[in-house]
Amino acid sequence: MKELENLYANQPKSRTFFERKVEVSGARILLKGSVCCGKKELTKHYLAGFKRSFFIDLDDLRNQNLNLSNLDKFVAKNGIEAVGISGLKTPVKVACKNVIFTTTRRDLKLFDGENGGENFREFQIYGLDYEEFISFFKKNFDAKTLFSFFLKMGNFPHSAISENASDQTLQETIKANFSPLEVEILREIATQNGEFLNVMALYKRLKERVKISKDTLYNAIYKFENEFVVSLVGSVKGGKFSRIYLNNFALKHALTFDKNPKNTIKNMVFCELAKFGELFFSDVVDFFVPNLHVAVKVEPFLDADFVVLWFKKNLPHFKALGVRKVEVVSNATTHKFAFEGVTCEILPFWEWSVLR
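Starting from 1, residues in each chain are numbered consecutively following that chain's sequence as written. Only residues with pLDDT of at least 70 get local features here, since the model is predicted, and only at 80 or more are side-chain atom pairs given and counted; chain-wide, interface and lining totals rely on the full set of residues. Each side-chain value is worked out from all heavy atoms of the structure, with water and hydrogens disregarded.

On to the overall build of the protein, then. Helix and strand counts for the protein stand at 15 helices and 13 strands. For 356 residues, the compact-globule formula gives about 21 Å, and the C-alpha radius of gyration of the protein, at 22 Å, lands near that figure. Oriented by its inertia axes, the alpha-carbon framework of the protein measures out at about 70 × 50 × 45 Å. Here the term buried applies to any residue with accessible area under 20% of the maximum for its type, exposed to any over 50%, and partly exposed to those in between, with areas from a 1.4 Å probe on protein chains only. Of all 356 residues assigned to the protein, the portion counted as buried reaches 48%. Sequence-distant contacts in the protein: of pairs separated by 6 or more residues, those separated by 24 or more amount to 60%. Each accessible area is a Shrake-Rupley result for a 1.4 Å probe, and residues are judged covered by the shown protein chains and nothing else. A total accessible area of about 18100 Å² is found for the protein, and carbon and sulfur atoms account for 52% of it. Of the charged side chains in the protein, 51 are positive and 42 negative, and the gap between their average positions amounts to 2 Å. Numbering of helices and strands runs from the N terminus; a helix is a DSSP stretch of H or I covering at least four residues, while a strand is a stretch of E covering at least two. For the radius of gyration, the atoms used are the C-alpha atoms, and the globule rule reads 2.2 Å times the number of residues raised to 0.38. Contact between two residues is taken to exist if any of their heavy atoms lie within 4.5 Å; hydrogens are not considered. Counted as positive: Lys and Arg. Counted as negative: Asp and Glu, with His and the chain ends omitted from the count. Charge positions are represented by NZ for Lys, CZ for Arg, CG for Asp and CD for Glu.

Take a look at the structure:
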């Protein structure tokens, strides 16, 4: 109980809260997302709405041996209205009306309904989208310059706020959360960013320099996906082939010197689209978003005339998918046209990203 008393007496001080597009509400809340995506600040902001609240950060080294067995008694004794626990890895129950938990585990499930309580409402928290980055960054630059900062700094909120954000900061974050072998695997995955996930090719390259088994590799890939570090995008045709993306596109140049500007832009586009639900790719487009009836193709330097020819050639494909709008992300030109009820718009990333 004394540990809880000390922690309660030393609650984190309030700081400026930067508004996010996600609205967290409810009485039983579970926030899911990668490390450094902003879950903790959203939790503190939620708790600030109560007169008596208690925030516990399990990722804080000082709390790693914290005994929560007396938490319910402590909550009742102090009249606490809301409890927030950050860094949850296994289910816990707290006898408080308002509870908010955060986790990096995609597979963590919490249920209270069987006890007559309210089931947990889950929110997936993503990194900053481009509009959020601009609002966090607070620099009055032109669109292209802001885009170059976004490209370099990535979508972690602290990267936009801090003047010292760098590749080294991202490297330290990865090293703090994964083993040296897992870091080596992630470095290799980063070279396939935006491409088909070829596990055997990964295994062969890794085998040349580290001791590794196929099971270890598969387990690491599962862990990266489960902890929101990478995401897999499947084909509209189904099947086993998927393309792999980093959930923070800046990790690629923090982990490897491999350069592929087009795939980096594709990764940025993926991060903007992920919040709209399940994504797919096809032989024709990089992303199909069923919830929006939108298809997106990344062609940084393709001329408008070639886009028109490509669009007309593939119009039957778009109609078969139920696409109402095709969006081409290109820095070469800006153009909009339509054929047979399907619209096509060509925009640079910094204009395309603020459409929604």
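There's more to say after this.
The next subject is the packing of aromatic side chains. Each Phe, Tyr or Trp ring, with Trp reduced to its six-membered ring, pairs with another whose centre is within 6.5 Å; inter-plane angles below 30 degrees give stacked pairs, above 60 give edge-to-face pairs, and intermediate values give tilted ones. Summed over all chains, the structure comprises 28 aromatic pairs. Taking 5.8 Å as the distance between ring centres and 40° as the angle between the ring planes, the aromatic pair formed by F349 and W352 counts as tilted. Of this pair, F349 and W352 both sit in helix α15 (residues 349–352), three residues apart, which is roughly one turn of that helix. In this pair, the class of F349 matches that of W352, namely buried. Ring pairs connect the aromatic residues Y130, F133, F137, F141, F147, F149, F150, F249, F349, W350 and W352, which therefore count as one cluster.

Further remarks concern the sheet that holds strand β2 (residues 53–57). Consider a sheet: its strands pair through backbone hydrogen bonds, and that pairing is either parallel or antiparallel. Only when DSSP finds a minimum of two bridges between them are two strands counted as paired. Spatially, five strands are ordered β2-β3-β4-β1-β5 in an open sheet, and the strand pairing comes out parallel. Only two strands of the sheet have a single partner each, and these edge strands are β2 and β5 (121–124). Direction aside, the axes of adjacent strands within the sheet are offset by 15° on average. Pairing analysis gives five bridges linking β2 to strand β3 (residues 82–86), with the strands arranged parallel. Paired with F55 across the bridge in β3 is G84. Every axis in this analysis is a line fitted to C-alpha atoms, fitted for helices over the stretch in contact. Angles between the N-to-C directions lie between 0 and 180 degrees.

This brings us to the pairing of strand β12 (residues 335–339). Where β12 lies against strand β13 (residues 342–347), five bridges are found, and the strand directions are antiparallel. Within the sheet, the bridge partner assigned to F339 lies in β13 and is V342. Hairpin connection between β12 and β13: a loop of two residues separates the two successive antiparallel strands, and E340 in this loop has a positive phi of roughly 50°.

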